[in-house]
There are 2 protein chains.
Amino acid sequence: MFRKLLSFDEAKQLLEQSFSAKPIGVEQVSLSGAHERVLAQNVTSPADIPSFTRSIVDGYAVKAADTFDASEDKPVTLKFCGHVAIGEAPNVVVKKGLIAEIVTGAPLPEGADAVVMVEYTTPREYSVFVHRPVTIGENIMAAGSDISKNETVLKVGRFLSSREIGVLAAIGLTEVTVYKRPKVAVLSTGAEVVAPGEPLPAGKIYDINAHTLSAAVTEAGGEPINLGIIPDNKEELTDALKKALSLADAVITSGGVSVGPKDFTPQVVDSLGKPGVIISGVAVKPGKPITIAVVNEKPVFSMPGNPTSSLFMFNVFVRPVIVKLAGRPEEELHTLKAVAAQKMFPARGRRTFTMVNLGYDNSGRLIASPVPTGLSGAITTLVKADGFVEISEKQQFVDVGTEIDVYLFGKLRKTKNV
Amino acid sequence: MFRKLLSFDEAKQLLEQSFSAKPIGVEQVSLSGAHERVLAQNVTSPADIPSFTRSIVDGYAVKAADTFDASEDKPVTLKFCGHVAIGEAPNVVVKKGLIAEIVTGAPLPEGADAVVMVEYTTPREYSVFVHRPVTIGENIMAAGSDISKNETVLKVGRFLSSREIGVLAAIGLTEVTVYKRPKVAVLSTGAEVVAPGEPLPAGKIYDINAHTLSAAVTEAGGEPINLGIIPDNKEELTDALKKALSLADAVITSGGVSVGPKDFTPQVVDSLGKPGVIISGVAVKPGKPITIAVVNEKPVFSMPGNPTSSLFMFNVFVRPVIVKLAGRPEEELHTLKAVAAQKMFPARGRRTFTMVNLGYDNSGRLIASPVPTGLSGAITTLVKADGFVEISEKQQFVDVGTEIDVYLFGKLRKTKNV
């Protein structure tokens, strides 16, 4: 099953051509369940919002024309005809010469076309002095001025934060259709891994990948199904992968993709369906041995066992696919501009992702320093870094002092002065 | 209960002096349950990671000194003494003159101090030719070089993303102590609000605030307890607030804080305990009528009924408190620099938060335009805006062309050219 080692750009392109990642389905959820989900429908309003014209101040409802001659010293006198309470249909009519007391949010009574703020009035026993004219429509919010009946207020693909939940509540919705979260099966292979919490025999390490990758799936909008550690033999791996493909929309394995005799994951994956393995290794560092397959219209990503490599390759190849399966909007990675504090070389012929720490130099410039990479597979390297820099295989090196884009791993922690 | 209208800065300061927001408690969670929680303990490693020295390449384990004379044309010949498999204690000893086959991740056998990459060897029947010297320690990862026994790998206050979960898995943890999520009771008041899904009688509107504020509580790291809509009378409000205070660590009400006869929320809150209401209105726009109280060591925030104002005031006053109660790190709000496309005025004497839309002008500059604010209380205003600009009460205005900081509401949607 020999395949050419693809360049990074070729691999990304081939994946997109071989697998068209689309939302895997939709479901109905309640208003509170809709929070932080993605709309799978256009939302149109069943009614005008507000459904009635209302006062937006405390004061008095009037016919504006009755106030046109009003002034501070020569107020207009209008006859008091009643109160308008909030939350009820008004039971007064403001005919010419009349005035009704009204509060913020109360419906404008019939006959009135404006509201005078209480500050500009003096109540008398049976009448009210108005000290300032108002124009038609002043201090009121017309029915439908927020949302019109049948207006599309939110569109398919919109992420529902607290603000969008407010719009759904405003139009009275209690249920909405959102995209389902794709299920992503995660399994670890390798004779050397045991589950955290188990005793650690000689020569074994704890399984990091199943846990980092499951968490990373959640962060991408998916639902991880952690199928645990699969023993190092073809039969059990084949069974586990068949089960994974029956349960999930995508599959991620880790381990077993290098060149040793027990690295048979790609062969097994390739045997499960068509087209099978489409990418066998990518000219990228870290993560070169990554294998990607499409099996019966589901993507299967086989990550290296090295936990730093696997999490990096997840973010570069897998996450964008999960985001699309989840119906989420395409992501713009959060970058910062910094100055390279050291010369940085790409691995020869490979798209290189170098982890960096950020700090400030004496002139207050934000600088990026590569973290020491001597520790292959050190999970702490990934945790200590603030982010990473992408260096093209076509570049000789990134020189000291060059302005570079740093992709941040998370929110920037308070950066230290260096 | 007359109190001076405080300035924005005075109000923030008084709140900090009157209520010291600290994490409300801790709890044990599993490894998968720890994802996206905040560490409430320092995490120290119970062992060296890796716990054994291992090969980081596929090749052959040797005594480095045996290879010093090796060259491409004149290889050194070493006698083959066995294989070292991954995941098992080695059963070979690499004495002087011997060589053992080894794979990536396998433990370095006794006697060996380096590994030669397979690319630089030629296997023979009973021996191996080594074509390149190695130094002591080459191609191996020493025990404890990732994490040392007793090393503090993660500190209190650390947010646990997928990368940090990897560290916990690496050291074999299955449980960790994290901060509890503060419970925040949310209740709406007002004769004019009904719950979404109910029929809408004349003069009524749907309750937006209970839903936006509950979602906003979740976004801040809290657990909302939605107590629904409380009828507009003092007895029921008093009972509801007492229940809220018994169930939750903080309380948010909306509505009933203006100056109408039914705006008695602040009085009721003030009667519930000491010190009671500490802030009665703030010179801010929107949100001036906000009332803040501390009752028996719990904060009670009474937001205006206007949904735009209440969500704004939540973000400015309430969210920072919930973040601290949740043990989360202090937040740096995400800002962008943009150029003011229009002149913007603060409301006189008030710290003003003006909502803006972002776009690009013909020269490709990012510009910010105020959204039309004619619609008091329009929930769609909040949803259509990209972010907001803070204008100090001390400023006359923000002039066209000034560079300003725009606080983003969420991820920036693809900005449109204007």
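Scroll up a little and you will see the structure.
Fair warning: this is a prediction, and the values are worked out from it, not measured in the lab. (Residues numbered from 1 in each chain as written. Chains lettered and ligands numbered in written order. Predicted model: local features only at pLDDT ≥ 70, side-chain atom pairs only at ≥ 80, totals over all residues. Heavy atoms only, no water.)

What follows deals with the packing of aromatic side chains. A complete count under the given rule lists 14 aromatic pairs over all chains for this structure. An angle of 75° between the planes, with centres 5.0 Å apart, marks the rings of Phe 312 of chain B and Phe 388 of chain B as edge-to-face. Placement of Phe 312 of chain B in helix 6 (residues 307–325) and of Phe 388 of chain B in strand 26 (residues 387–391) is noted, with a sequence separation of 76 residues between them. On the basis of relative accessible area, Phe 312 of chain B is assigned to the buried category, the value being 3%. Ring plane angle 15° and centroid distance 5.2 Å describe the contact between Phe 388 of chain B and Tyr 407 of chain B, whose orientation is recorded as stacked. A residue pair is termed long-range when its members are at least 10 positions apart, and Phe 388 of chain B in strand 26 and Tyr 407 of chain B in strand 27 (residues 403–408) qualify at 19 residues. The rings of Phe 8, Phe 312, Phe 317, Phe 353, Phe 388 and Tyr 407 of chain A are connected pair by pair, giving a single aromatic cluster. Across the ring face of Tyr 120 of chain A, the terminal group of Arg 132 of chain A is positioned such that the distance to the ring centre comes to 4.6 Å. (Phe/Tyr/Trp six-rings, centres within 6.5 Å; stacked < 30°, edge-to-face > 60°. Helix = DSSP H or I, 4+ residues; strand = E, 2+ residues; numbered from the N terminus. Buried < 20%, exposed > 50% of the residue type's maximum accessible area, 1.4 Å probe, protein only. Lys NZ or Arg CZ within 6 Å of the ring centre and 35° of its normal.)

Moving on, we get to the packing of helix 3 (residues 209–219) of chain B against helix 6 of chain B. Residue and element names in this part refer to chain B. At a minimum axis distance of 10 Å, the contact between helix 3 and helix 6 shows a crossing angle of 25°. It follows that helix 3 is roughly parallel to helix 6 by the angle criterion. Between helix 3 and helix 6 lies a crossing of right-handed hand. Where helix 3 approaches helix 6, its residues Asn 209, Thr 212, Leu 213, Ala 216, Val 217 and Glu 219 are matched on the opposing element by Pro 307, Ser 310, Leu 311, Phe 314, Arg 319 and Ile 322. In terms of residue class, the contact of helix 3 with helix 6 is built from seven nonpolar, three polar and two charged. (Axes fitted to C-alpha atoms, helices over the stretch in contact; angles between N-to-C directions. Parallel < 35°, antiparallel > 145°, perpendicular 65-115°, else oblique. Left-handed = near helix turned anticlockwise from the far one by under 90°. Contact = heavy atoms within 4.5 Å. Nonpolar A, V, L, I, M, F, W, Y, C, P; charged D, E, K, R; others polar.)

All chains considered together, the criterion is met by 22 salt bridges over all chains. The salt bridge involving Asp 405 of chain B is made with Lys 337 of chain B; its shortest N-O contact spans 2.6 Å. Taken as a pair, Asp 405 of chain B in strand 27 and Lys 337 of chain B in strand 23 (residues 335–340) lie far apart in primary sequence, 68 residues in all. Residue Asp 405 of chain B is classed as partly exposed on the basis of its relative accessible area, which comes to 34%. Each member of the salt-bridge network shares a partner with another, and the members are Asp 9, Arg 351, Glu 390 and Glu 393 of chain A. (Salt bridge = Lys/Arg side-chain N within 4 Å of Asp/Glu carboxyl O.)

Moving on to the side chain of Ser 161 of chain B. Relative to the assigned elements, Ser 161 of chain B resides in the loop between strand 12 (152–154) and helix 2 (162–170). Here Ser 161 of chain B falls in the buried class, since its relative accessible area comes to 15%.

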